[in-house]
Amino acid sequence: MLELTLVADTSDIKYWVAFNRIPRIGRVRFKLLEERFGTLEQAWRAGLSELCAAGLDSRTARNIATRKLQIDPDAELGGVVDYGARAITWHDDEYPTRLKEIYDLPPVLYVLGELRSDDERSVAVVGTRGPSAYGREVAYQLTHDIARSGVTIVSGLARGVDAIAHRAALEADQRTIA
């Protein structure tokens, strides 16, 4: 489990969202940036040489420096808010406890609706985007039955099995998280 001891400032969230838009900036690099700069706002304001001095390889530092020119943190966070969602980081109390236990936990989650304590009892359903007719039927039936037993269905919202899982949970009048 990743040791998370730093506490994100809520005004820093727009920089979490902005960094999350940069390809190849995941758990390890988020943690490095936060440890070296104190806040992601300070990391965002850092120049190429400062990013390299913080321990990023030159390719990653150049990637960040280039992408920062194309990303407006205020606009990124504004887009999340305009959609009616909110962003949470692994420091937030509502970040799912069990998700914090995985090796490669996502630094940022986007939430539309609410996360509830009873969502701890959940199952992830993933699969192909192009299931056979039999695969579609089995995915639907299994997910529908699991959802009816009060288990929250979690999936990625992709076409195919993911979408079938969400539909099955909704048709069972149960919760689903994408």
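Being a predicted model, the structure only gives us computed values, none of them experimental. (Residues numbered from 1 in each chain as written. Predicted model: local features only at pLDDT ≥ 70, side-chain atom pairs only at ≥ 80, totals over all residues. Heavy atoms only, no water.)

A.B. asks: What's the story with the overall build of the protein in this structure? I'm lost.
C.D. replies: Helix and strand content of the protein: eight helices and five strands. Listed N to C, the secondary structure of the protein is α-α-α-α-α-α-β-β-β-α-β-α-β in terms of helices and strands. In terms of overall dimensions, the protein has C-alpha extents of about 55 × 35 × 30 Å along its principal axes. Here the protein holds 178 residues, and the buried ones make up 38% of them. Long-range contacts, defined here as pairs at least 24 residues apart, represent 61% of the contacts in the protein between residues at least 6 apart. When the accessible surface of the protein is split by element, carbon and sulfur atoms take 51% of a total near 10,300 Å². (Helix = DSSP H or I, 4+ residues; strand = E, 2+ residues; numbered from the N terminus. Buried < 20%, exposed > 50% of the residue type's maximum accessible area, 1.4 Å probe, protein only. Contact = heavy atoms within 4.5 Å. Areas by Shrake-Rupley, 256 points an atom, 1.4 Å probe, with all protein chains shown as cover.)

A.B. asks: It is not clear to me how the pattern of salt bridges should be interpreted in this structure. Could you clarify?
C.D. replies: A side chain of one charge can pair with a side chain of the opposite charge when the charged atoms of the two come close. Inspection of the entire model under this criterion finds twelve salt bridges. With a closest N to O distance of 2.4 Å, Lys31 and Glu35 form a salt bridge. Linking Lys31 with Glu35, this pair stays in helix H2 (residues 27-37), spanning four residues, or about one helical turn. Classification of Glu35 by relative accessible area gives partly exposed; the value is 45%. When salt bridges that share partners are traced, they join Glu114, Arg116 and Asp118 into one network. (Salt bridge = Lys/Arg side-chain N within 4 Å of Asp/Glu carboxyl O.)

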